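Here is what each chain is made of, one letter per residue.
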Amino acid sequence: MKTLLEAIDDAIRAAIKNYDRGDTTPPVALLWPDPAGEWQPVATLLREEWGLPIITLGDYDPDRWQGPAIYIRCLIEGTLPGTGLPDNETPVIYLPGHSRIELRNIGDCPEPLRPLAELQYRGAIWSHRNGRDWTVAGFLQAHLGIATATDQETKEALRNTVGKLCSEPVRSIQRHQPLNAAYFATLIHPDHRKQILLWMNAPKEEKERMGSEGWSLFWLTCKTDYGFDPHTEGVATAAELLASQDQRWAQVWERYREYPQAYPNIPKLLRSAAMPPLPMFRDSWPQINDAMEEALRQALLGLQDASHGEASQEILRLEEEHGERRSWVWADLGESPLAFALQHLARLAELTGDFRFGGTITEQAERYAQEYWKADDAIVRALAQNERKEGREAVTAAVRALARAWLEALATAFQQEWLASPPEQEKETRIPPQGEVLLFVDGLRTDLGHRLQEQLARAGCTCSLTHRLAALPSITETAKPAIMPIAGELAAGKNLTPATRTGAVAQISALRTLLKEQNIQVLGDNDDGDPEGRAWTECGNIDREGHDKGSELPVILDGELTTIERRIIDLLDAGWQQVRVVTDHGWLLLPGGLVKTELPPSLVAMKKGRCAELLPDSSVSLPTVPWFWNRTIRVALAPGITCFEAGKEYDHGGLSPQEVVVPDIVVTRGSPGARNLVIQTPTWRGLRCYITVEGAEGYSVDIRLKPGDPKTSVAMDAKPVPPEGDVSIVVPDDSLEGTDAMIVILDEHGNTAAQRQTTIGGE
């Protein structure tokens, strides 16, 4: 569990890495403006505890990398030998008492700061994406979603306690929001429960830190309030008392539960303590959890040869026995992975009891998209809980017993109906409307589409998720070009890969050239593009990771989905009206491996795991379909969930709902059922913005630095939209001129219905 200091360190290091990749060289330094000087304790902690190379503008003190601007320039240029600055890290220049505006206005830049002003062009600046300097409260809200009260008393309390706040876990801070002065007061008052835990975790070090006077007070508190003598009874007795959860020790236990990661030696103490024969609180003792986790592992391994019915019955019994352990402290410490996997296995047991297969392809695809994807989700989530080989083996045994026959029957029914009544699949050119980005994710299976939709909804986005059928065979070479807006410009090629009309193989460079010819921007990883146009961009490595990792893929999926979510939100924040997430294919995943189907090499022109291009005169007793790009070319498919190559746990290219029924997600900032709103190009005259909005009568217009946060409004006030749609709105603060902002349209409930990026005062 991260502390606030770790979160800040991560954010600063990310700002260093995320410089414009179009630049030829990385930034020489990261500038950190802090006009109020409120970050000073944090900067000190980051330098001393996390080793972040922070150089501070101030009085000359080379031992602390602190000095005037000329000294800092010499450090940056490397003209001062033996400084101690690491050679392979970008330094951070902390500027207490100075703002970004002072740097930007070089002519009016204060003399002590002027030698550093040019570094803003060779370096980067750590600030909000809207250009404002970070405040501590602003960082808490924007990065961590932690609200802070706005009264003056709270602001002063935050400033006085920010150093102590840094040591608190983020999750603990989040539980106390909105943060107020009373909360910050608890950070500086003695916390005897926490002090006991710190002493138990490192008795010698904590006693030295307390000093003789502090130790005397601690000893007296333990004697009078907690009934033990830390001097004569020691940490072993304290461990037994902690596990007893008796009287005041119950409060110490609850304090331990808040953030057990802060006390890594306490589990070892408890494992060494004398556990009573019949402990009152089983959750106090890690050895009980250890024994139950091992018993669960053996029980899951025992399902290897069980029928679906036997496995389901046993899984439900195990869930009743072990489910409560997910609420124990040992689960928070990552010591109960199989208990967490079990809840997903129980859901899988229920879902795979349903064999309602058959019907038209449309009916089967709809059933998968609405319901059966949940079985894939359960498999992935169960596997994600266990990074260790022993745990994965146990989950694999259970998954195969529960799902292998079900997956085989599902795929077989889908294949049979497709071959009997193949759906029409035609090339089509769908040019995105203005204001839309097509974001391509390779291998975004339907279950991951639902997870992404949930994450985006929690982030305040509106998502519509539909499904469609991938082009066959369901491999990237065939299916990715088929969903690009230049599909109509492509023709048949070789090796199951289409070609351009000039005969060039439709590889990524050729495809991007065609996109640009259609006036579709091709955005790099960190490019926002022009939101008034249309664009194509790509994100994520799901398919590549699947081929590399097999059944270990689920462990990294959370990170992949978070990367995609952040990219979508960044594009919306940059002013795009909507992002449409598209994919080429899904995939099959069966831990332990797909069964091999033989296909002689003499019959095929090329072969992959789940499909093969047949030679013209080949005859096979396998399912065959025409190639999407040339219907005279036949493609053989591995039947059911088998594979033409042995040992594969992850693959695609065949014909199953998992591979072919894929999601299509449209993401906007507006509310469901919102009007079709169009914000015309705004005109600035000084600090007054003239805006014309179509379809927004009765709504209101505001200008904000962060579109979803009314507290970031920079306008004098929001203006209602009249029937003709023309509005003028004033930004009274002239210091914001040149700052990127958002024009937002608000519905009758104050929700953001549309937005458009602008620059205050004009470009």
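Residues numbered from 1 in each chain as written. Predicted model: local features only at pLDDT ≥ 70, side-chain atom pairs only at ≥ 80, totals over all residues. Heavy atoms only, no water.

**Digging into the overall build of the protein chain**
When helices and strands are tallied, the protein chain shows 26 helices and 27 strands. Taking 27 Å as the expected radius of gyration for a compact globule of 763 residues, we find that the protein chain reaches 30 Å, a close match to that expectation. Once the C-alpha set of the protein chain is aligned to its principal axes, its extents read approximately 90 × 80 × 60 Å. Between the averaged position of the 77 positive side-chain charges in the protein chain and that of its 109 negative side-chain charges there is a distance of 2 Å. (Helix = DSSP H or I, 4+ residues; strand = E, 2+ residues; numbered from the N terminus. Rg over C-alpha atoms; globule rule 2.2 N^0.38 Å. Lys, Arg positive; Asp, Glu negative; His and termini not counted. Charge placed at Lys NZ, Arg CZ, Asp CG, Glu CD.)

**Observations concerning the packing of helix α10 (residues 192–201) against helix α11 (residues 203–225)**
In contact at an axis separation of 11 Å, α10 and α11 are set at 135° when each is read in the N-to-C sense. Considering the angle they form, α10 stands oblique to α11. The handedness of the crossing between α10 and α11 comes out as left-handed. Residues H192, Q195, I196, L198, W199, M200 and N201 of α10 touch α11, and the partners they reach there are P203, E206, R209, M210, W215, F218, T221 and C222. Of the residues contributing to the contact of α10 with α11, the split by class is nine nonpolar, four polar and two charged. (Axes fitted to C-alpha atoms, helices over the stretch in contact; angles between N-to-C directions. Parallel < 35°, antiparallel > 145°, perpendicular 65-115°, else oblique. Left-handed = near helix turned anticlockwise from the far one by under 90°. Contact = heavy atoms within 4.5 Å. Nonpolar A, V, L, I, M, F, W, Y, C, P; charged D, E, K, R; others polar.)

**Considering the side chain of D376**
Within the secondary structure, D376 sits in helix α19 (residues 361–384). Despite its burial, D376 pairs with no opposite charge, the nearest such side chain being R445 at 4.0 Å. (Buried < 20%, exposed > 50% of the residue type's maximum accessible area, 1.4 Å probe, protein only. Salt bridge = Lys/Arg side-chain N within 4 Å of Asp/Glu carboxyl O.)

**Examining the packing of aromatic side chains**
Overall, the coordinates contain 27 aromatic pairs when judged by the stated rule. On the basis of an interplanar angle of 40° and a centroid distance of 5.6 Å, the ring pair of W215 and F218 is categorised as tilted. Taken together, the residues span about one helical turn, with W215 and F218 both in helix α11 at a distance of three residues. Given a relative accessible area of 12%, W215 falls into the buried group. Plain terms: the ring middles of F440 and W536 are 5.8 Å apart, the flat faces sit at 20° to each other, and that makes the pair stacked. Note that F440 is positioned in strand β6 (residues 436–440) and W536 in strand β11 (residues 535–538), a separation of 96 residues in sequence. For F440, a relative accessible area of 2% gives the class buried. (Phe/Tyr/Trp six-rings, centres within 6.5 Å; stacked < 30°, edge-to-face > 60°.)

**Side note on the pattern of salt bridges**
Should their charged atoms come close, side chains of opposite charge can pair. Taken as a whole, this structure holds 45 salt bridges when the rule is applied. Where E314 meets R317, a salt bridge forms, and the shortest distance between an N and an O atom there is 2.8 Å. In this pair, E314 and R317 are both assigned in helix α16 (residues 308–322), three residues apart and thus about one turn of the helix distant. Among the residues examined, E314 registers a relative accessible area of 22% and is labelled partly exposed. Residue R317 is classed as partly exposed on the basis of its relative accessible area of 41%. Measuring nitrogen to oxygen at the nearest pair gives 2.6 Å for the salt bridge that ties E319 to R326. Each of R73, E77, E118 and R122 takes part in one network of salt bridges that share partners.

**Quick word on the sheet that holds strand β26 (residues 740–746)**
The antiparallel open sheet is built from four strands, whose spatial order is β24-β23-β26-β27. Both edges of this open sheet fall to β24 (719–720) and β27 (752–759), since each of them pairs with a single strand only. Here strand β23 (residues 700–704) runs beside β24; their pairing, made up of two bridges, is antiparallel. Each bridged residue has a counterpart across the sheet, and for V701 the counterpart in β24 is K719. (Pairing = 2+ DSSP bridges.)

**Regarding the environment of L571**
For L571, the location among the structural elements is in helix α25 (residues 557–573). Taking C-alpha positions, L571 is 43 Å from Y60, a pair spaced 511 residues apart along the chain. Residue contacts for L571: discarding those within four places in its chain leaves V437, L439, L523, D527, D528, T537, W576 and V579.

**Considering helix α3 (residues 69–77)**
Listed as buried for α3 are A69, Y71, I72, L75 and I76. Along the axis of α3, the buried positions cluster into a sector of 155°, meaning they face one direction only. Buried residues along α3 sit against β2 (54–57), β3 (66–67), β4 (92–96) and α5 (119–122). G78 sits one or two positions beyond α3 and adopts a positive phi of about 75°. (Arc of directions from axis to C-beta.)

**Notes on empty space enclosed by the protein**
Any empty space left between the atoms is revealed when a probe the size of a water molecule rolls over them. Throughout the structure, instances matching the rule amount to one cavity of 30 Å³ or more. One number sums up the size of the largest cavity: a volume of about 30 Å³. Lining of the largest cavity is provided by F357, Q364, R367, Y368, Y372, L410 and P657. With four residues, α19 is the largest single contributor of residues to the lining of the largest cavity. Residues that form the lining of the largest cavity fall into these classes: five nonpolar, one polar and one charged. (1 Å grid on protein atoms, 1.4 Å probe; cavity = no way out; pocket = protein on both sides within 12 Å on 5 of 7 lines; lining within 4 Å. Points joined across faces, edges and corners; volume = space filled by probe spheres on them.)

**Focus: the pairing of strand β16 (residues 624–627)**
For β16 and strand β17 (residues 630–637), the ladder comprises four bridges, and the chain directions are antiparallel. Looking at β17, one finds that W627 is bridged to N630. Taking the residues that link successive antiparallel strands as the turn, the β16-β17 hairpin has two residues.

**What to know about the pairing of strand β19 (residues 661–668)**
Burial analysis of β19 places eight of its eight residues in the buried class, which makes it a mostly covered element. Both faces of β19 are covered, namely the face carrying V661, P663, I665 and V667 and the face carrying V662, D664, V666 and T668. Across eight bridges, the pairing between strand β7 (residues 462–469) and β19 is antiparallel. Along β19, the bridge assignment pairs T466 with D664. Inspection of the sheet shows strand β12 (residues 578–582) paired to β19 by three bridges, in the antiparallel sense. By the bridge assignment for β19, V581 is matched with I665.

**What about the layout of surface pockets?**
The space that makes up the second largest pocket amounts to roughly 1300 Å³. The wall of the second largest pocket is formed by 40 residues, among which S167, E168, K194, L198 and R255 lie closest to the centre. Within the residue set of the lining of the second largest pocket, elements represented by two or more residues are α1 (4–17), α2 (40–49), α7 (152–165), α9 (181–186), α10, α11 and α13 (249–258). Partitioning the lining of the second largest pocket into residue classes produces 16 nonpolar, 12 polar and 12 charged.

**Quick notes on the sheet that holds strand β14 (residues 604–607)**
Taken in spatial order, the four strands of this open sheet run β14-β15-β17-β16, and their pairing is antiparallel. Taken across any chain shown, the strands that pair with only one partner, and hence form the sheet edges, are β14 and β16. Neighbour-to-neighbour, the strand axes of the sheet open up by a mean angle of 35°, direction not taken into account. In the sheet, strand β15 (residues 611–614) pairs with β17 via three bridges, with the strands oriented antiparallel. Counted as the bridge partner of E613 is V635 from β17.

**Quick look at unusual backbone geometry**
Peptide bonds are mostly trans, and most non-glycine residues show a negative phi. Cis peptide bonds are those with omega within 30 degrees of zero, and the linkage from Q177 to P178 qualifies with 0°. Structurally, P178 can be placed in the loop between α8 (170–174) and α9. Each neighbour pair has its own omega, and for L472 with P473 the value is -5°, a cis peptide bond. Tracing the backbone through its elements, the reader meets P473 in the loop between β7 and α22 (476–482). With phi around 50°, Q245 is a residue other than glycine that occupies positive phi space. Note on placement: Q245 falls in the loop between α12 (234–244) and α13. Residue class for Q245 comes out buried when judged on its relative accessible area of 14%.

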